[in-house]
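# Architecture and fold: a report
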Amino acid sequence: CEGGECLLPDGNNKQTVTFKGLRTRVREMVLGTGTRAGCTGGILRKMANRDGGDAFTSDEQKFIDATSPGAYGLLRRLSTEMQSAALVADRMVDILSTELTSRIVDEMFDTVRNSVTGTGRPLDSSMLDVMRDTRQQINEERRVTGESIAGIASLIDLQQNIVQALRTPIFHKTQ
């Protein structure tokens, strides 16, 4: 704090603040607090145990609403094959983190643009150039994220086809 008007408790002029990064937060939303049976939360775990299991928390529901429907569909499909979920979850965490970060950055850009426009002054051309270039980078990340979601969906389809083929008795298979 600067000066004698510090608002921190106990008159300290320093305070350490720790927070979880977006990737860690997304991992907890998707998988919960861990991978053991005694761990809590996690959208995948709750989807797998919908018959009398825990309902989604308010934060989990907001997370589901904030992510794309395709991501939610993949999570729902993963929940039926929990042994595969751990293999795919790390990639899903990265994809969802990128998606949410892109949305946050979009909102920040819109806020800056609206704030400057609200003053009645034109945006500086160098600011517009930086914003345009950054948006192009974000759009490229979104394209890669979309391809990753499609790739994961293909892997899940393949895994489900293999499981189905292994469950089908030989005498029921067609030649």
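To be clear, the structure that these remarks concern was listed above.
Residues numbered from 1 in each chain as written. Predicted model: local features only at pLDDT ≥ 70, side-chain atom pairs only at ≥ 80, totals over all residues. Heavy atoms only, no water.

Scanning the chain from terminus to terminus reveals six helices and zero strands. The N-to-C order of helical and strand elements in the chain reads α-α-α-α-α-α. Within the span of the chain, comprising 175 residues, buried residues form 29% of the whole. The contacts in the chain between residues at least 6 apart in sequence include a share of 57% that link residues at least 24 apart. Carbon and sulfur atoms make up 54% of the accessible area of the chain, which totals about 12,100 Å². (Helix = DSSP H or I, 4+ residues; strand = E, 2+ residues; numbered from the N terminus. Buried < 20%, exposed > 50% of the residue type's maximum accessible area, 1.4 Å probe, protein only. Contact = heavy atoms within 4.5 Å. Areas by Shrake-Rupley, 256 points an atom, 1.4 Å probe, with all protein chains shown as cover.)

All right, on to the nonpolar core then. By size, the foremost hydrophobic cluster in this structure holds 24 residues, and its most contacted members are F63, L75, L78, M92 and L96. Looking at this core, the elements that each hand over two or more residues are α1 (22-31), α2 (43-48), α3 (58-66), α4 (69-79), α5 (82-118) and α6 (125-167). Tallying contributions element by element places α5 first for this core, with seven residues. (Core = buried A, V, L, I, M, F, W, Y, C linked by side-chain atoms within 4.5 Å.)

A few words now on α1. One turn of an α-helix holds 3.6 residues; hence residues three or four places apart share an orientation. The complete set of buried residues in α1 reads V26, M29 and V30. Mapping the buried residues of α1 onto a view down its axis gives an arc of 90°, with all of them on the same face. (Arc of directions from axis to C-beta.)

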